[in-house]
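Here's the letter readout for the chains.
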Amino acid sequence: MPTRGALSDEEESLIAEVIAYYRDKPTDPGYQGVFEERYCNMFCDLLGGGWADSVATGTASLYVALQALELPKGSEVIVSPITDPGSMSAIILNGLSPALADANPGSYNISSDSVRAQITDRTSAIMVVHAAGQAADISGIMDLARAHNLRVIEDCSQA
Ligand SMILES: Cc1ncc(COP(=O)(O)O)c(C=O)c1O
């Protein structure tokens, strides 16, 4: 795993800005507040468009993403084997079944070949982790997903 600097001076000053803003308000931050909206807009700009919403944890984001796809109950989600237990929890709590694709030799990530080996007629989606700062072969996996009409969720928690 590469070392990660989670909080720089910039993050620290942004957190201080949020605390200062809410210190004078007679309410707690709640949901869909001004800072959340700013964060979501900046995230969309970074990605070049689209729509974003934020949640409190990585597990919650995977849970919500799977809910939004309305996958058939009991269907299989192909998932990376090197990940956080939250990946499996989100799948199981949605009434779906995890199917582990193998990691590539020399990498922490799954590939189109290892995903292909797990596709069955019950597969509905692929959950790709970009592990330890290394990007998975998302182009190859997307080609495979399109060919089999599968939905794809990217988990960039470790990117
Ligand atoms: C790849 C990956 N997915 C999901 C999670 C779950 O995130 P959280 O602990 O915020 O629920 C983590 C946490 O480290 C993670 O590394």
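Because the structure is predicted, anything quoted here is derived from the model rather than measured.

Peer 1: Just give me the short version of the site of the ligand, but keep the residues and values in it.
Peer 2: Surrounding the ligand, one finds T57, G58, T59, L62, T83, D84, S87, V129, D155, S157 and Q158. Side-chain polar atom of T59 to an oxygen atom of the ligand: 2.6 Å apart, as the coordinates give it. Here the ligand has 390 Å² of accessible area as a free molecule, and 71% of this is covered by the chains. Take the shell around the ligand: its biggest share by element is 3 residues, from helix α3 (residues 58–69).

Peer 1: I'd love a proper account of the packing of helix α1 (residues 9–23) against helix α2 (residues 34–47), names of residues and values included.
Peer 2: Between two packed helices, both the angle of their axes relative to each other and the distance between the axes serve to describe the pair. It is the contact of α1 with α2, at a shortest axis distance of 11 Å, that shows an interaxial angle of 150°. What the angle tells us is that α1 and α2 run roughly antiparallel. For the pair α1 and α2, the contacting residues are L14, E17, V18, Y21 and Y22 in the first and V34, F35 and R38 in the second. Class assignment for the residues of the contact of α1 with α2 results in 6 nonpolar, no polar and 2 charged.

Rules used in this analysis
Note on numbering: residues in each chain are counted from 1, in written sequence order. Owing to the predicted nature of the model, reporting of local features is limited to residues with pLDDT of at least 70; listing and counting of side-chain atom pairs is limited to 80 or more, with chain, interface and lining totals taken over all residues. Values reported for side chains reflect all heavy atoms of the structure, with hydrogen atoms and water molecules removed beforehand. We call a residue near a given molecule or strand whenever any one of its heavy atoms falls within 4 Å of it. Polar contacts, as used here, are pairs of N or O atoms within 3.5 Å; protein pairs need one atom able to donate a hydrogen and one able to accept it. Residues neighboring in sequence count only if both atoms are side-chain atoms. In short, Shrake-Rupley with a 1.4 Å probe defines the accessible areas, and a residue's cover is counted only from the protein chains shown. By the criteria applied, helices consist of DSSP H or I runs no shorter than four residues and strands consist of E runs no shorter than two, each listed in order from the N terminus. A fitted line through C-alpha atoms represents every axis, and for helices the fit uses only the stretch in contact; the resulting angles, taken between N-to-C directions, go from 0 to 180 degrees. For classification, angles of less than 35 degrees are called roughly parallel, those exceeding 145 degrees roughly antiparallel, those between 65 and 115 degrees roughly perpendicular, and all remaining angles oblique. We call two residues in contact whenever any of their non-hydrogen atoms come within 4.5 Å of each other. Residues are grouped as follows: Ala, Val, Leu, Ile, Met, Phe, Trp, Tyr, Cys and Pro are nonpolar; Asp, Glu, Lys and Arg are charged; every other residue, Gly included, is polar.

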